[in-house]
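# Secondary and tertiary structure notes
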Amino acid sequence: MNPNDDPLLEEELEQAAKPQQEDDSNVKKDITALSGKAAKILNSPTIQNDDAVGLSVIGQEAHEQEYLELQEENFEEYGKWHKHLEEVIYAMRLKRDALADVVKAMGEKKAAQSTAARDVKILIIVLGGAMQGPYGAGQMCALQEMGYTSKNINELDGFLGISAGASTCAFGMAGKKQALLGTSYFYTICASKAFFNYMRIHQVIDVSVIEEALRKEPTKLDVEAVRKNPARFYVQAYNATKGEPEFINAKDPHVDMVDAIHGSMAIPLVYNKAISINGCRYTDGAFDDPLPILRAIREFKPTHILILPNMPFNQVPLGAPSEIKNLLIKAIPHSGSFGFLRKVLSNRQALRQSLEKIAEQNHIKIGVAWPPDMGLGSFTQNVEQIKAAIKASAKDIFYLFGEPKNNLKLYEEEYGNQT
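Structural notes, computed from the coordinates.

Cut-offs and rules
Residues numbered from 1 in each chain as written. Predicted model: local features only at pLDDT ≥ 70, side-chain atom pairs only at ≥ 80, totals over all residues. Heavy atoms only, no water. Buried < 20%, exposed > 50% of the residue type's maximum accessible area, 1.4 Å probe, protein only. Helix = DSSP H or I, 4+ residues; strand = E, 2+ residues; numbered from the N terminus. Pairing = 2+ DSSP bridges. Right-handed = clockwise from strand over helix to strand, strands pointing away. Expected span 1.5 Å × (residues − 1). Polar contact = N/O pair within 3.5 Å; in protein donor to acceptor, adjacent residues only side chain to side chain. Phe/Tyr/Trp six-rings, centres within 6.5 Å; stacked < 30°, edge-to-face > 60°. Lys NZ or Arg CZ within 6 Å of the ring centre and 35° of its normal. Contact = heavy atoms within 4.5 Å. Axes fitted to C-alpha atoms, helices over the stretch in contact; angles between N-to-C directions. Parallel < 35°, antiparallel > 145°, perpendicular 65-115°, else oblique. Left-handed = near helix turned anticlockwise from the far one by under 90°. Nonpolar A, V, L, I, M, F, W, Y, C, P; charged D, E, K, R; others polar. Salt bridge = Lys/Arg side-chain N within 4 Å of Asp/Glu carboxyl O. Core = buried A, V, L, I, M, F, W, Y, C linked by side-chain atoms within 4.5 Å.

## Describing the pairing of strand S2 (residues 158-162)
Counting buried residues along S2, five of its five residues qualify, which places the element largely inside the surrounding structure. Residues Gly158, Leu160 and Ile162 of S2 are buried on one face, and the alternating residues Phe159 and Gly161, pointing to the opposite face, are buried as well. Two elements, strand S1 (residues 122-126) and S2, share four bridges in a ladder whose sense is parallel. Along S2, the bridge assignment pairs Ile124 with Phe159. A crossover connection joins S1 to the parallel S2 through helix H7 (residues 133-145); in handedness this β-α-β unit is right-handed. Two strands pair when backbone bridges link them, and S2 and strand S3 (residues 232-239) are joined in this way by five bridges, in the parallel orientation. Within the sheet, the bridge partner assigned to Gly158 lies in S3 and is Arg232.

## Points about helix H17 (residues 383-400)
For H17, spanning 18 residues, the distance from its first C-alpha to its last is 26 Å, which sits close to the expected 26 Å at 1.5 Å a residue. For H17, the buried fraction is high: 15 of the 18 residues fall into the buried class. Looking at where H17 begins, the residue whose side-chain oxygen comes 3.1 Å from the main-chain nitrogen of Glu384 is Asn382. Residue Gly402 follows H17 closely and has a positive phi angle near 80°.

## A closer look at the packing of aromatic side chains
With the rule as written, the count across this model stands at 10 aromatic pairs. Pairing Trp81 with Trp370 gives two aromatic rings, centres 5.1 Å apart and planes at 80°, and the pair type is edge-to-face. Taken as a pair, Trp81 in helix H5 (residues 60-105) and Trp370 in the loop between strand S8 (365-368) and H17 lie far apart in primary sequence, 289 residues in all. Judged on exposure class, the residue Trp81 and its partner Trp370 are both buried. Judged by centre distance (4.9 Å) and plane angle (80°), the rings of Phe196 and Tyr198 are edge-to-face. Residue classification places Phe196 among the buried positions, given a relative accessible area of 6%. Across from the ring centre of Tyr415, 5.3 Å away, lies the NZ or CZ of Lys177, which sits over that ring. Directly above the aromatic system of Phe247 lies the positively charged group of Arg295, at a separation of 4.5 Å from the ring centroid.

## Examining the environment of His202
Of note, His202 is situated in the loop between helix H9 (176-187) and helix H10 (208-215). Its relative accessible area of 67% is what places His202 among the exposed residues. Counting along the chain gives 67 residues from His202 to Leu269, while the straight-line C-alpha distance between them is 7.5 Å. Setting aside its immediate chain neighbours within four residues, His202 contacts Tyr271 and Asn272.

## Considering the packing of H7 against helix H8 (residues 164-173)
The relative placement of two packed helices comes down to the angle between their axes together with the axis-to-axis distance. With their axes 10 Å apart at the nearest point, H7 and H8 run at an angle of 20° to one another. Judged by the angle between their axes, H7 and H8 are roughly parallel. The interaxial crossing formed by H7 with H8 has right-handed handedness. Facing H7, whose interface residues are Gly133, Gly136, Ala137, Met140 and Gln144, H8 presents Ala164, Thr168, Cys169 and Gly172. Split into classes, the residues belonging to the contact of H7 with H8 amount to four nonpolar, five polar and no charged.

## Some words on the pairing of S1
S1 sits mainly inside the fold: five of its five residues count as buried. Residues of S1 alternate between two faces, with Ile122, Ile124 and Val126 on one and Leu123 and Ile125 on the opposite face, all of them buried. Bridge count between S1 and strand S7 (residues 304-308): five bridges; the pairing is parallel. For Ile125, the partnering residue across the bridge sits in S7 and is Ile307.

## A word on the environment of Arg215
Among the structural elements, Arg215 can be located in helix H10. Look at Arg215 and you get partly exposed, because its relative accessible area is 32%. Sequence-wise, Arg215 and Val258 are 43 residues apart; in three dimensions their C-alpha atoms are separated by 7.5 Å. Once residues lying within four places of it in the same chain are set aside, the contact partners of Arg215 are Lys220, Asp256, Val258 and Asp259. At 2.8 Å, the side chain of Arg215 forms a polar contact with the side chain of Asp259.

## As for the pattern of salt bridges
Taken as a whole, this structure holds 11 salt bridges when the rule is applied. Notably, a salt bridge pairs Lys83 with Glu87, separated by 3.7 Å at the nearest N-O pair. Here Glu87 and Lys83 lie together in helix H5, a separation of four residues that amounts to about one turn. The partly exposed category is assigned to Lys83, whose relative accessible area is 49%. For Arg215, the salt bridge is made with Asp256, and the minimal N-O distance between the two is 3.2 Å. With Arg215 in helix H10 and Asp256 in the loop between strand S4 (244-249) and helix H12 (257-265), this residue pair connects regions lying 41 residues apart in the sequence.

## Focus: the nonpolar core
Formed by 84 residues in total, the largest nonpolar core has its most connected members in Ile124, Leu143 and Phe233. In terms of residues, this core owes the most to one element, H17, which gives nine residues. With 26 residues, the next largest nonpolar core counts Ile162, Leu351, Val368 and Trp370 among its residues.

Now the structure itself:
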């Protein structure tokens, strides 16, 4: 039985997906209070990006309009999402600080961890998104720099990468230099015609270009560093041989880690190539089950899950979907993992309520770190726009974790242009 095939949950989520009727009191908004809230958001470190490139790409006026609309349409909804994220961030900070104390106390053989910190099991899930992947890559770099991806974790923690998120997880687990190297892929390799070319009708995106870069210097993934990271590392790919999505243990000695990542990114239709791993053929992990939350809970048994969605909050529909989106939704089956995707496309209330239901039933906390909208699309190749998105996403994570003064340097800024 597919984990998403829960009739009761299906019925509840279908109800949640219906447009919510607003009270008359909510219709008459307090314009003054609304402007005040909007001003606070516009003055936050996320929006006041000191990166001139980011501002030139998006434009201050666009930021203001976007966030005013956010206030008018979904400020309350965003607040509900943010509450869950704060709970996950608190747990991660608790664990980091406690683990740092343990390191200091090891010489004295004293366990300085609190019981609460010892019991925290973090799972970081990085979703797909093609050329929206820079969002998650920037977020991962910030997490790495704060010690949440390699320094202050243990064998109870885990990473799950899907499609573009697979390489992001791997680089993030391999250390600071590697994490920054991983972000550079998006504005070097992925911005090249060798990777993306409309003229190659049968292979618009050539993922083998990334696979080759992962294996060769100077862009090579440090596989051994990933293996030495105590946390578990899985990628999701679609097992075309068995006809179902599958979690692949990328640290399994019988699995080629680069092959596993390659398989997770092998997008049907635009790459048209399956990757062979131990006798099975694999394709893109986001194609059938883009958010395998229930299977991830069973596999990792986490207490807290942090999701990096590679999608800004305002790109998830609010209320009733548009006419074009409705056509897409109607074309998607109602059941299984496709049914879950159908709900994700329907509206963000249904998605949030489904995650809340799952969290409650499994006694865990789930937080989603929505990146700031820097205008990236699935096929964006504008180098400066990609760089701006990486920096803005990292800066937003620093801010969320209470370290607003940090600014991310790009790979060439930190280590020289070696790519």
